[in-house]
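Below are the chains, spelled out letter by letter.
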Amino acid sequence: MKLLNVEAVLDRDKGIPRAEHETEVMKELHDKTNSYAILSHRWGSDSEVNYEEMTGLTKMGKEDREEIRQRYGYQKIIKSCEQAKKDGYRWLWVDTCCIDKRSSAELTEAINSMYRWYRNSQVCYVWFGRSNGWPEWFSRGWTLQELIAPRDAEFFNKDWVPIGSKQSLMSTLTTITRIPENVLQNEAVLRDIRFSPRPRIAQIMSWAAERETTREEDRAYSLLGLFGVNMPMLYGEGSKAFQRLQLEILRASSDHSIFAWNPNGRFGSHSSVLADHPGCFRGCHDIQLLHPEQFYKDLERYIQWKGPQVATNWSRLTGLQRGAASTQLFRFDVTNLGIQVSLPVIPLPQAHHKTDPIDSCAAILPCYGHYGELFTIKLQPIERSHHRYFRPVRVPEECPVFRSLYLDFSQCAEESYRELRFHDKRTSYYGFTRCGAFPRGIAGDTATLSSQGNNLIVLVYANHEDRSRFAVGFGYYLDEVRARIVCDEYPVGQGAWSSWADFAKQAYNTMWNTPIGDERPMQYIAYSVLNRAHIPRSTSDAMIIHFNRDSNIDITDIMVDIKPCPGCCTGPLECKYELFPDELWLPSAWPSDFAHELELDGQSARLGDYSGRIAVVRRNAITAPVASLTQTAGRLWLLKQRQV
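Residues numbered from 1 in each chain as written. Predicted model: local features only at pLDDT ≥ 70, side-chain atom pairs only at ≥ 80, totals over all residues. Heavy atoms only, no water.

Caption draft 1: Broad picture of the packing of helix 1 (residues 6-14) against helix 4 (residues 72-86). Between helix 1 and helix 4, the least distance of the axes is 9 Å, while the angle of their chain directions is 125°. Here helix 1 is positioned oblique relative to helix 4, judged by the angle of their axes. Seen along the crossing, helix 1 lies across helix 4 with a hand that is left-handed. Mapping the contact onto sequence places Val6, Val9, Leu10 and Asp13 in helix 1 and Tyr74, Ile78, Cys81, Glu82, Ala84 and Lys85 in helix 4. (Axes fitted to C-alpha atoms, helices over the stretch in contact; angles between N-to-C directions. Helix = DSSP H or I, 4+ residues; strand = E, 2+ residues; numbered from the N terminus. Parallel < 35°, antiparallel > 145°, perpendicular 65-115°, else oblique. Left-handed = near helix turned anticlockwise from the far one by under 90°. Contact = heavy atoms within 4.5 Å.)

In structure tokens form, the structure reads like this:
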């Protein structure tokens, strides 16, 4: 590895002449026989200093040299060198300038060796960057291995003031990243040959589920060291990199949790048994792999629970016991037909959907899921292999039988997108404001969901005066957009109100872990009420209305609205009502036969003649009974048709 000579770099920066050749600011040394510090940081967009610039700085003209020295990327290197010198280290490694990226061979070697370099360092300096807010360092893909691998790490804020050590911040780091403390204390547990202490594949993948990289391929390449595998770098291969990573892991592992990713992370009707990206493993931090003996006990308990008719099939029970004890259970063979496995399966009936596959089955993995249940995956035979699919279907009460299967791992269909346009101005009439979006922000009133990632987004609305709020979530699942409302159950007597981001994350987790069932998705009709929920400590409901404009199936218009309870709210504000899909206004969504028109905050809204119709406006400055209403500050009042 190429290491910076700390004193040479600092002397050159101060203008102190040295006898050594310019390239002596960097020297190639072995990581196992030299003591060195290493830097972990968030890359800047265009201000980093590369290998060529770092080694040739004094050969440049004065103007070019000063331009580089003013970059924050250069100052970051100098600050790291000053800290290393203070701690008594002669050598320092920084990924921006210690890899000659002009050489593809050197880049491949560095990426495949990087985990080892961080592990063999004496100390890792973690610099959170220039941000005053939440450090982006925790959301980047490469920093995952940079947190786990080093034995010792020191954390610094934007001004290079020490925050604490890896040891002193252990519990906080575990809370933020969900990485167990035993892994942070000793990364060797990842390579432990014993069954119990080693984290499962799905658990490790879950640590990277919410992390991002600039290049799509790096979501896979940044995980090589954590799984102890190597593979060539092929930038330009896109999502195939993550598929190759999983195949390399399968060749060196017998861990079925690699198939136990959350079905909410996949969106086609049938596809590969391998995940498209680490995000599919979100929520898999508690997946457990079972010993063969425990697996058989759970299968036997499952059969006995199904009833005596199934449990008395002793020949099948004996077959299950042999299958669970066989080495074939934990053997994976990657072939041209698919990944060959031996698993207990239960035939599935064809469900009520016309598109549901026939001759499908549920394969039982030797894994516990989120709720301590045996994890099953639904499979459909297509030609010579089995594909995974996700339509909900009831598992019949039958005894499972071990079968040899070829699981398809072919690349999925091309990525597709759905654009959502939000109309939520009416929420402000009731004192609600949009606080923000999670896990990423949105541009204006538009968000784009992808079929292979970025598939769930949560918007939070809050009324700070009434201390009430709710979250609306939109997901792109099974080629359809789905929506849900989650209201905040904030206790009245609680002193502090948690941040909207904390509530958004809680709602996000709730929605992500909810199984995809037969709930009605957004249909391609003029308009429909998708979800309605009562807001605690209020007399209002939050509603989501869907409208598909101009029959464009790639763009979906969504209205988020507040509506007074159509029923009565008593006691703890329980609400009784009937749903009327045509009850709310959406810009350009209504038919033309409307008898009344309202002006709200300078915008026109139309109402039809329906029995019991009520319009909601603010008090004061009512300029006409119904024809024209002007919004002013004040409490909410209800106006019935032509009566005030």
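So that's the structure; there's more coming.
Caption draft 2: Focus on the side chain of Gln145. With respect to the element layout, Gln145 can be found in helix 6 (residues 143-148). Note on Gln145: relative accessible area 2%, which makes it buried. Contacts of Gln145, omitting those with residues within four sequence positions, involve Met114, Tyr115, Pro150, Ser222, Gly225 and Leu226. (Buried < 20%, exposed > 50% of the residue type's maximum accessible area, 1.4 Å probe, protein only.)

Caption draft 3: Broad picture of the packing of aromatic side chains. Counted by the stated rule, this structure contains 17 aromatic pairs. An angle of 80° between the planes, with centres 5.9 Å apart, marks the rings of Tyr125 and Phe156 as edge-to-face. Here Tyr125 is found in strand 5 (residues 123-127), whereas its partner Phe156 is found in strand 6 (residues 153-156), with 31 residues between them in sequence. Consider the rings of Tyr461 and Phe470, whose centres lie 5.3 Å apart with planes at 15°: the pair is stacked. With respect to burial, Tyr461 and Phe470 carry one shared label: buried. (Phe/Tyr/Trp six-rings, centres within 6.5 Å; stacked < 30°, edge-to-face > 60°.)

Caption draft 4: Fine view of the sheet that holds strand 17 (residues 433-438). Across the sheet, four strands lie side by side as 17-19-20-21; this open sheet has antiparallel pairing. Looking along the sheet, the strands with just one partner apiece sit at the ends: strand 17 and strand 21 (480-487). Averaged over all pairs of adjacent strands, the angle between strand axes in this sheet comes to 20°, irrespective of strand direction. Bridging between strand 17 and strand 19 (residues 456-463) involves five bridges; their strand directions are antiparallel. The residue bridging Ala437 from the neighbouring strand is Leu459, located in strand 19. (Pairing = 2+ DSSP bridges.)

Caption draft 5: Quick look at the nonpolar core. Core analysis: the biggest nonpolar cluster contains 130 residues, and Leu4, Trp93, Ile148, Leu245, Phe259 and Ile339 have the highest contact counts within it. Ranked by the residues each element gives to this core, the list is headed by helix 5 (residues 104-120), at seven residues. Those residues within four positions of Leu245 in sequence are excluded, and the remaining contacts are Met205, Ala220, Leu223, Leu224, Val229 and Met231. Of all hydrophobic cores here, the second largest spans 25 residues; its members include Phe432, Val472, Tyr476 and Val560. (Core = buried A, V, L, I, M, F, W, Y, C linked by side-chain atoms within 4.5 Å.)

Caption draft 6: Fine view of the environment of Ala504. Structurally, Ala504 is set in helix 16 (residues 500-512). C-alpha of Ala504 to C-alpha of Val458: the two residues are 46 residues apart in sequence and 6.5 Å apart in space. With sequence-adjacent residues up to four places away left out, Ala504 is seen in contact with Phe438, Val458 and Val460.

Caption draft 7: Structural view of the sheet that holds strand 3 (residues 37-40). Spatially, seven strands are ordered 2-1-4-3-5-6-7 in an open sheet, and the strand pairing comes out mixed. One side of each edge strand has no neighbouring strand; the edge strands of this open sheet are strand 2 (26-28) and strand 7 (162-165). Direction aside, neighbouring strands of the sheet carry axes that sit 30° apart on average. In this structure, strand 6 lies alongside strand 7, joined through three bridges in antiparallel fashion. Looking at strand 7, one finds that Phe155 is bridged to Gly164. Where helix 1 meets the sheet, its contacts fall on strand 1 (2-5) and strand 4 (91-93), and the angle it forms with strand 1 comes to roughly 50°. Here helix 5 sits on the sheet in contact with strand 1, strand 3, strand 4 and strand 5, set at roughly 105° to strand 3.

Caption draft 8: The arrangement of helix 5 in detail. Between the first and last C-alpha of helix 5 there are 24 Å, a value that for 17 residues agrees with the 24 Å anticipated at 1.5 Å per step. Of all bends in helix 5, the biggest is about 50°, found at Ser113. Within helix 5 the residues assigned to the buried category are Glu106, Leu107, Ala110, Ile111, Ser113, Met114, Tyr115, Trp117, Tyr118 and Asn120. (Expected span 1.5 Å × (residues − 1). Bend = angle between axes of the 7 residues up to and from the residue.)

Caption draft 9: Examining the pattern of salt bridges more closely. In total, this model carries 24 salt bridges according to the counting rule given. The partner of Glu66 in a salt bridge is Arg69, and the shortest N-O contact between them spans 3.3 Å. Here Glu66 pairs with Arg69, and both are found in helix 3 (residues 62-69), just three residues apart, close to one helical turn. Note that Glu210 is salt-bridged to Arg282, the shortest N-O span being 3.4 Å. (Salt bridge = Lys/Arg side-chain N within 4 Å of Asp/Glu carboxyl O.)

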